[in-house]
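# Structural overview for review
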Amino acid sequence: MPFHYSKCIRMSALLLLLYIPIFGKGLSMVPSAQDSIVRMSGCVYDTIRDYPDTILVKAKITFESIPHGNEIGIISSNEYGFYEYYINMSSVYSINLISENHRRFSEVLNPKLQLVDTEIRRNFYLEPELKEDQVIRLNKLIFKQGESGITSESFQELNRLVGILNENPGMQIQLEGHTDYRGSKKLNMELSKNRVQAVKSYLMGAGISTRRIKTKAFGGTKPLIKEQSLEASKINRRVEVRILKLK
């Protein structure tokens, strides 16, 4: 795996080994010996770049337990985009991220659904402020090799796109489909067409007018990474959203 894909993780591990503080300005919870308190950590990235998972973002992150807000914590990701926080497994959190020149990001997180072994790993991807000809990468829209069906794991990402379109009723977009570059060029082109059509159908089913959605297929002609690896193939299989018109 190239260095830039794991820069945040490697640098944060180094900081931990050297006992350098990794919290930014603000409030942070202290680890507890109670089993109900678990570590949550990850990286904050900028989504609009030539390569995913390369541009690390400094952001203010707010954790607020819901519905009553009995617990509120405010931290910042550090210079490597890394953050760490300790959350209560018995709570559900509203999480908000704010970073200069990026759109605000919000989600509700249930720790019980995210726990793997004894901790929670969660990366965040922030979108720059919207502008024409900007490309939005759908990081959680994952296709299996050779398939165009949309799985339930992709619904949250697509619903986020629906929300952006609803917030900007004059926006017109172009869905751009890509495959990895292995195999038949003809079949790859057909597959990328099917993938963008599947995304378009989902958006139309959510109430977005077909007049606002154009599609274009590239097959495997524009890979993000030219490596012979499973990770590279996974990243190259994607649908991107180009903003043709904002207002």
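Here is what the cut-offs are and how they apply
- Residues numbered from 1 in each chain as written.
- Predicted model: local features only at pLDDT ≥ 70, side-chain atom pairs only at ≥ 80, totals over all residues.
- Heavy atoms only, no water.
- Helix = DSSP H or I, 4+ residues; strand = E, 2+ residues; numbered from the N terminus.
- Buried < 20%, exposed > 50% of the residue type's maximum accessible area, 1.4 Å probe, protein only.
- Contact = heavy atoms within 4.5 Å.
- Areas by Shrake-Rupley, 256 points an atom, 1.4 Å probe, with all protein chains shown as cover.
- Salt bridge = Lys/Arg side-chain N within 4 Å of Asp/Glu carboxyl O.
- Expected span 1.5 Å × (residues − 1).
- Arc of directions from axis to C-beta.

### With respect to the overall build of the protein chain
Broken down by element type, the protein chain carries five helices and 12 strands. In the protein chain, which comprises 247 residues, the proportion classed as buried is 48%. Look at the contacts in the protein chain between residues 6 or more apart in sequence, and 70% of them connect residues 24 or more apart. Counting every atom, the protein chain has about 13300 Å² of accessible surface; 52% of that belongs to carbon and sulfur.

### Comments concerning the pattern of salt bridges
Overall, the coordinates contain 13 salt bridges when judged by the stated rule. Ionic pairing is found between R39 and E84, a salt bridge with its closest N-O pair at 2.2 Å. Of this pair, R39 sits in strand 1 (residues 37-46) while E84 sits in strand 4 (residues 82-88), and the two are 45 residues apart along the sequence. Across the pair, exposure class does not vary: R39 and E84 are buried alike. By sharing partners, the salt bridges in this structure join R103, E127, E157, R160 and E167 into a single network.

### What about unusual backbone geometry?
In this model, I66 is joined to P67 through a cis peptide bond whose omega is 15°. In this structure, P67 sits in the loop between strand 2 (60-66) and strand 3 (72-76). Non-glycine residue N101 carries a positive phi angle of around 65°. Looking at where N101 falls in the secondary structure, it is placed in the loop between strand 5 (92-98) and strand 6 (105-109).

### So, helix 3 (residues 155-167)
Taking 1.5 Å of rise per residue, the 13 residues of helix 3 would be expected to cover 18 Å, and the 18 Å separating its terminal C-alpha atoms lies within 8% of that figure. All buried positions along helix 3 are accounted for by E157, L158, L161, V162, I164 and L165. Looking straight down helix 3, one finds that the buried residues subtend no more than 160° of arc, so they occupy a single side. The exposed set on the far side of helix 3, more than 90 degrees from its buried face, consists of N166 and E167.

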